[in-house]
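For reference, the chains in residue letters:
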Amino acid sequence: MFRPDTGRPPPSGRHLRLTVTAALLLLLPLLPSGARRTKKTWPVSFPEEEMRKRLTPLQYHVTQERGTEGAFTGEFTHHKEDGTYTCVVCGAPLFSSKTKFDSGSGWPSFFDLLRDKSVDLTDDFSYGMHRVETTCGQCGAHLGHLFDDGPRPTGKRYCINSASLAFRHKDAAPSSSAAEGAAAGSSASEGKTEL
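Below is a short write-up of the structure. (Residues numbered from 1 in each chain as written. Predicted model: local features only at pLDDT ≥ 70, side-chain atom pairs only at ≥ 80, totals over all residues. Heavy atoms only, no water.)

1. Digging into the overall build of the chain
Of the regular secondary structure elements, the chain holds four helices and nine strands. Taken across its 195 residues, the chain has 37% of its residues classed as buried. Restricting the contact set of the chain to residue pairs at least 6 apart, pairs at least 24 apart contribute 60%. Taken as a whole, the chain presents about 11,800 Å² of accessible surface, with 56% of it coming from carbon and sulfur. (Helix = DSSP H or I, 4+ residues; strand = E, 2+ residues; numbered from the N terminus. Buried < 20%, exposed > 50% of the residue type's maximum accessible area, 1.4 Å probe, protein only. Contact = heavy atoms within 4.5 Å. Areas by Shrake-Rupley, 256 points an atom, 1.4 Å probe, with all protein chains shown as cover.)

This is the structure:
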């Protein structure tokens, strides 16, 4: 069939798909990208110099630059001890080992938080998809992402980088060094940092 305005046949299925794909590629720069964080003041902060000295390069990259460790490479992926997973930056308690499960994803996964306010959630549009970023509710360190494909009772899967976590065994007393570090960081920068 010829189109009356050009005398050419209408676009084939392949041509039409290429045209639609090209149009979408032109629109990509207009779509939101990256984590959709707004500036927030965190209760605990540390100078960048201190964090670079205290954290490994991977821990710094994951928590401060929103990086991701390789799947199945993290220290806590197959960790099974009883205790509490804390933020590697500020020591805030985040997850109980009782809520940890093997999701098969290659990262430590939890179906619930230790406390409601221990983690902040933010929309993340990086890599051309929508995800929900998880950050420490005390210092803003990037932890990982939240998905709605977890087990009951919550149906949630907090997919967390091992590099953003530390572990406190159930028989261990709360770490005074983490609390002291948090207090020192708070006083050193008036307790606030903007991300």
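Let us keep going from here.
2. Observations regarding helix α3 (residues 57–65)
Restricting attention to buried positions, one finds in α3 the residues Gln59, Tyr60, Val62 and Thr63. Among the structural elements, α2 (48–54) and β7 (142–147) are those in contact with the buried residues of α3.

3. Comments concerning the packing of aromatic side chains
Counting across every chain of the model gives six aromatic pairs. Considering the side-chain rings of Phe76 and Tyr85, the 5.5 Å spacing of their centres and the 85 degrees angle between planes classify their relative orientation as edge-to-face. Here the two residues Phe76 and Tyr85 agree in accessibility, since each one is buried. Ring geometry for Phe95 versus Phe110: centroids 4.3 Å apart, planes at 15 degrees, classification stacked. With a gap of 15 residues between them, Phe95 in strand β2 (residues 93–96) and Phe110 in strand β4 (residues 109–110) connect regions that are remote in the sequence. The exposure classification of Phe95 matches that of Phe110, with both residues buried. Three or more aromatic residues joined by ring pairs form one cluster here, namely Phe76, Tyr85, Phe95, Phe110, Tyr158 and Phe167. (Phe/Tyr/Trp six-rings, centres within 6.5 Å; stacked < 30°, edge-to-face > 60°.)

4. A closer look at the sheet that holds strand β1 (residues 83–87)
Strand order in the open sheet formed by three strands is β2-β1-β9, with antiparallel pairing between adjacent strands. Looking along the sheet, the strands with just one partner apiece sit at the ends: β2 and β9 (165–169). Across the sheet, the mean angle from the axis of one strand to that of its neighbour is 35 degrees, orientation sign disregarded. In terms of strand pairing, β1 meets β9 through five bridges, oriented antiparallel. (Pairing = 2+ DSSP bridges. Axes fitted to C-alpha atoms, helices over the stretch in contact; angles between N-to-C directions.)

5. Description of the nonpolar core
Core analysis: the biggest nonpolar cluster contains 25 residues, and Cys87, Val89, Cys90, Leu94, Phe95 and Cys136 have the highest contact counts within it. In this structure Cys87 touches Ala92, Leu94, Cys136, Cys139, Ala141 and Ser164, once residues within four positions along its chain are discounted. (Core = buried A, V, L, I, M, F, W, Y, C linked by side-chain atoms within 4.5 Å.)

6. Description of the pattern of salt bridges
Side chains that differ in charge, positive against negative, can pair when their charged atoms come close. The tally for this structure, following the rule as stated, stands at six salt bridges. A salt bridge links Asp124 to Arg131; the nearest nitrogen and oxygen atoms lie 3.5 Å apart. Residue Asp124 is classed as buried on the basis of its relative accessible area of 5%. Two residues, Asp148 and Lys156, come together in a salt bridge whose shortest N-O distance is 2.8 Å. (Salt bridge = Lys/Arg side-chain N within 4 Å of Asp/Glu carboxyl O.)

7. Looking at the sheet that holds β7
Taken in spatial order, the six strands make up an open sheet running β3-β4-β8-β7-β6-β5, and their pairing is antiparallel. The outermost strands of the open sheet, each flanked by one partner alone, are β3 (100–101) and β5 (119–124).

8. Brief notes about the environment of Val88
Along the chain, Val88 falls in the loop between β1 and β2. Residue class for Val88 comes out buried when judged on its relative accessible area of 15%. Linking Val88 and Ala163, residues 75 residues apart in sequence, is a C-alpha distance of 7.5 Å. In this structure, Val88 is in contact with Arg54, Leu55, Gln59, Thr63, Ala163, Ser164, Leu165 and Ala166, ignoring residues within four places of it in sequence.

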